[in-house]
Amino acid sequence: RQRGTLMEQRTNVGYVITDSVHIGDTEFVIGQSENDPARFVTWACDNGDYYYWGHYLTSREDAERDLVKRASERIRFLNSIREEKQPEKKKERER
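Draft legend 1. Up close: unusual backbone geometry. Phi is positive for V13, which is not a glycine, with a value near 40 degrees. Structurally, V13 can be placed in the loop between β1 (11–12) and β2 (15–23).

Pasting the structure below:
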């Protein structure tokens with residue numbers, strides 16, 4: 001949750017964005033709705049306003065777990081890209 005910060009409240013399709021984490025160029029967010037049967041959603045987000053790849057959930061706990069899982073998966077993906085590029089750099093140094 002965005003405790004103690006002066007952030008503008010964001011919404012997307014009736015969900016108020018309550019939590020976010022940035023991993024690389026991607027932001028992952030939790031949205032909460034008072035009206036939708038799926039009260040919570042996690043989205044990937046680009047540029048602070050393009051939400052996609054929604055996972056709709058019924059509890060905050062499940063949404064928080066999903067947010068952490070998605071962020072962790074993104075970290076692993078970015079690390080795998082870095083690791084693939086490292087052997088190329090080593091070869092260049094050996095020349």
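Draft legend 2. Quick peek at the pairing of strand β4 (residues 40–46). β4 sits mainly inside the fold: 6 of its 7 residues count as buried. As judged from the 6 bridges shared by strand β3 (residues 26–32) and β4, these two strands associate in the antiparallel manner. Among the inter-strand pairings, E27 is bridged to a residue of β4, identified as C45. Pairing analysis gives 6 bridges linking β4 to strand β5 (residues 50–57), with the strands arranged antiparallel. Bridge pairing in β5 links F40 to L57. In textbook terms, the turn of a hairpin is the stretch between consecutive antiparallel strands, and for β4 and β5 this stretch comprises 3 residues, one of which, N47, has a positive phi near 60 degrees.

Draft legend 3. The side chain of D19, seen in detail. Looking at the secondary structure, you find D19 in strand β2. Engagement of the side chain of D19 in a polar contact is seen with the side chain of R60, the distance being 3.1 Å.

Draft legend 4. Molecular detail of the pattern of salt bridges. In total, this model carries 7 salt bridges according to the counting rule given. Put simply, R10 and E27 hold a salt bridge, and the shortest N to O gap is 2.6 Å. Note that R10 is positioned in the segment before β1 and E27 in strand β3, a separation of 17 residues in sequence. Judged by relative accessible area, R10 falls into the buried class, the value being 16%. Residue classification places E27 among the buried positions, given a relative accessible area of 5%. Three or more residues are tied together by salt bridges with common partners; here these are D19, R60 and E64.

Draft legend 5. Examining the packing of aromatic side chains more closely. Counted by the stated rule, this structure contains 5 aromatic pairs. Seen from their ring centres, Y15 and Y56 are 6.0 Å apart, and the 65 degrees between their planes marks the pair as edge-to-face. You can see Y15 sitting in strand β2 and its partner Y56 sitting in strand β5, a full 41 residues away along the chain. Relative to Y56, the ring of W43 has its centre 6.2 Å away and its plane inclined at 90 degrees; by these criteria the two rings are edge-to-face. Of the two residues, W43 sits in strand β4 while Y56 sits in strand β5, which places them 13 residues apart along the sequence. The exposure class assigned to W43 is buried, which follows from its relative accessible area of 4%. Here Y56 falls in the partly exposed class, since its relative accessible area comes to 45%. One aromatic cluster is present, built from ring pairs that chain together Y15, W43, Y51 and Y56. If you follow R70 out to its NZ or CZ, it ends over the ring of W53, 4.3 Å from the centre.

Thresholds applied
Residue indices begin from 1 for each chain and proceed along its sequence in written order. Local features in this predicted model are restricted to residues whose pLDDT is 70 or higher, and side-chain atom pairs enter the listing and the counts only when it is 80 or higher, whereas totals over whole chains, interfaces and linings include all residues. Where side-chain values are given, they derive from all heavy atoms of the structure, hydrogens and water being excluded. Secondary structure counts use DSSP, requiring at least four H or I residues in a row for a helix and at least two E residues in a row for a strand, with both numbered from the N terminus. The rule is simple: take the accessible area with a 1.4 Å probe, protein chains only, and divide by the maximum for that residue type; under 20% is buried, over 50% is exposed, in between is partly exposed. DSSP-based pairing: two strands are paired if at least 2 bridges between them are found. Under the rule applied, a polar contact is a pair of N or O atoms within 3.5 Å (in protein, one hydrogen donor and one hydrogen acceptor; residues adjacent in sequence only if both atoms are side-chain atoms). Basic side-chain nitrogens of Lys or Arg form a salt bridge, by our definition, when they fall within 4 Å of a carboxyl oxygen of Asp or Glu. Paired rings are identified among Phe, Tyr and Trp, the last through its six-membered ring, by centres lying within 6.5 Å, and are further divided according to the angle between planes into stacked (under 30 degrees), edge-to-face (over 60) and tilted (the rest). Definition used: whenever NZ (Lys) or CZ (Arg) falls within 6 Å of the ring centre and also within 35 degrees of the ring normal, the charge is taken to sit over that ring.

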